Amino acid sequence: MPRGKRRHAIDMRPSEEDQQSTKRQRNSYQSSRRYSKSEDAFSQKRCLAWFREYTTPDDTDTLGPEGMEKFCEDIGVEPENVAMLVLAYKMGAKQMGFFTQSEWLKGLTDLQCDTASKVQCKLEYLRNMLNDPNSFKIIYRYAYDFARDKDQRSMDIETAKAMLQLLLGKHWPLYAQFAQFLEQSKYKVINKDQWCNILEFSRTISNDLTNYDVDGASIFNTPDS
């Protein structure tokens, strides 16, 4: 380049100020990514702090009915939603309407959830667990001990009808007829053998009842009926 024109050449090198600005932007982006990863990672401390939002000062180790209602509101489901039953199963919850701190940590650690939004993202997964026959059978059996009054050996008929509607209502074509049978019956309780027999009946008897033996043993032909 001629000497005379060299003086007018544009210096394309970034200024020190531009270099510092670029460095700050890069550091900010990297810091943002680290923060995002930290937020995404499951934190037992954050999970426990979230649990405390639903407990009372009188009992900080148990989430009760009022806390359960608020929890359901936060994750956007009704307490009667089947996903709540599956969530309770994942926690190993012993009593309907209550989660202990240890149950909460067990279930949500397994699901890697420490915020309401993370649980919302797992709701479909929880519902889909019921599509697997083996998982469904395990959860169905779990539901009996979970829902029954712990002071009683058997489940009262009203609770049984509600739970059967929740678990079988949408999947068993003969459920409507069976529910009508329960409404007209004089049964006041259902024991665990009967509860398990209902599931077996729903799985083995064809929808047209052609393989049903009216002279065979009744699903309610057990003690405590």
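Structure report, in brief. (Residues numbered from 1 in each chain as written. Predicted model: local features only at pLDDT ≥ 70, side-chain atom pairs only at ≥ 80, totals over all residues. Heavy atoms only, no water.)

## Focus on the state of the cysteines
Cysteine pairs can be covalently joined through their sulfur atoms, and such a bond is termed a disulfide. Summed over all chains, the structure comprises zero disulfides. Counting only cysteine sulfurs, Cys-121 is the nearest neighbor of Cys-113, a cysteine outside any disulfide, at a range of 7.9 Å. We classify Cys-113 as buried; its relative accessible area is 1%. (Disulfide = S-S within 2.5 Å. Buried < 20%, exposed > 50% of the residue type's maximum accessible area, 1.4 Å probe, protein only.)

## Considering the packing of aromatic side chains
This model, assessed by the stated rule, comprises 16 aromatic pairs. Their ring planes at 70 degrees and their centres at 5.6 Å tell us that Tyr-89 and Tyr-142 sit as a pair that is edge-to-face. In this pair, Tyr-89 is assigned in helix α5 (residues 82-91) and Tyr-142 in helix α8 (residues 133-147), connecting sequence segments 53 residues apart. A relative accessible area of 26% places Tyr-89 in the partly exposed class. Take Tyr-142: its relative accessible area is 15%, and that puts it in the buried class. Here Trp-172 and Phe-178 contribute two aromatic rings whose centre-to-centre distance is 5.4 Å and whose plane-to-plane angle is 45 degrees, an arrangement assigned as tilted. Here the two residues Trp-172 and Phe-178 agree in accessibility, since each one is buried. Through a chain of ring-to-ring contacts, three or more aromatic side chains come together here, namely Trp-50, Phe-51, Tyr-54, Phe-71, Phe-99 and Trp-104. (Phe/Tyr/Trp six-rings, centres within 6.5 Å; stacked < 30°, edge-to-face > 60°. Helix = DSSP H or I, 4+ residues; strand = E, 2+ residues; numbered from the N terminus.)

## What about the environment of Leu-105?
Inspection of the secondary structure puts Leu-105 in helix α6 (residues 101-111). As for Leu-105 and Met-91, which are separated by 14 residues in sequence, their C-alpha atoms are 7.7 Å apart. What Leu-105 contacts, discounting residues up to four positions off in sequence, is Gln-44, Cys-47 and Leu-48. (Contact = heavy atoms within 4.5 Å.)

## So, the environment of Leu-209
You can see Leu-209 is positioned in the segment after α11 (192-204). Residues Leu-209 and Leu-174, spaced 35 residues apart in sequence, show a C-alpha to C-alpha distance of 9.4 Å.

## Focus on the environment of Leu-130
With respect to the helices, strands and loops of the structure, Leu-130 is situated in the loop between α7 (116-128) and α8. When the C-alpha positions of Leu-130 and Leu-167 are compared, they lie 8.7 Å apart, and in sequence the two are 37 residues distant. Ignoring any residue separated from it by four or fewer positions in sequence, one finds Leu-130 in contact with Val-82, Val-86, Phe-136 and Ile-139.

## Remarks on a negative patch on the surface
A grouping of Glu-66, Glu-69, Glu-73, Glu-78 and Glu-80 is seen on the molecular surface, where their side chains present a negatively charged patch. Relative to the helices and strands, Glu-69 resides in helix α4 (residues 65-75). (Patch = residues over 30% accessible without salt bridge, like charges linked within 9 Å, V, L, I, M, F, W, Y side chains within 5 Å. Areas by Shrake-Rupley, 256 points an atom, 1.4 Å probe, with all protein chains shown as cover. Salt bridge = Lys/Arg side-chain N within 4 Å of Asp/Glu carboxyl O. Lys, Arg positive; Asp, Glu negative; His and termini not counted. Charge placed at Lys NZ, Arg CZ, Asp CG, Glu CD.)

## Side note on α4
By the burial criterion, the buried members of α4 are Gly-67, Met-68, Phe-71, Cys-72 and Ile-75. Taken down its axis, α4 places every buried residue within 140 degrees of arc, on the same side. The outward face of α4, more than 90 degrees from its buried face, is lined by the exposed residues Glu-66 and Glu-73. Those residues of α4 that are buried lie in contact with α3 (44-52), β1 (62-63), α5, β2 (99-100), α6 and α7. Gly-76 sits one or two positions beyond α4 and adopts a positive phi of about 80 degrees. (Arc of directions from axis to C-beta.)

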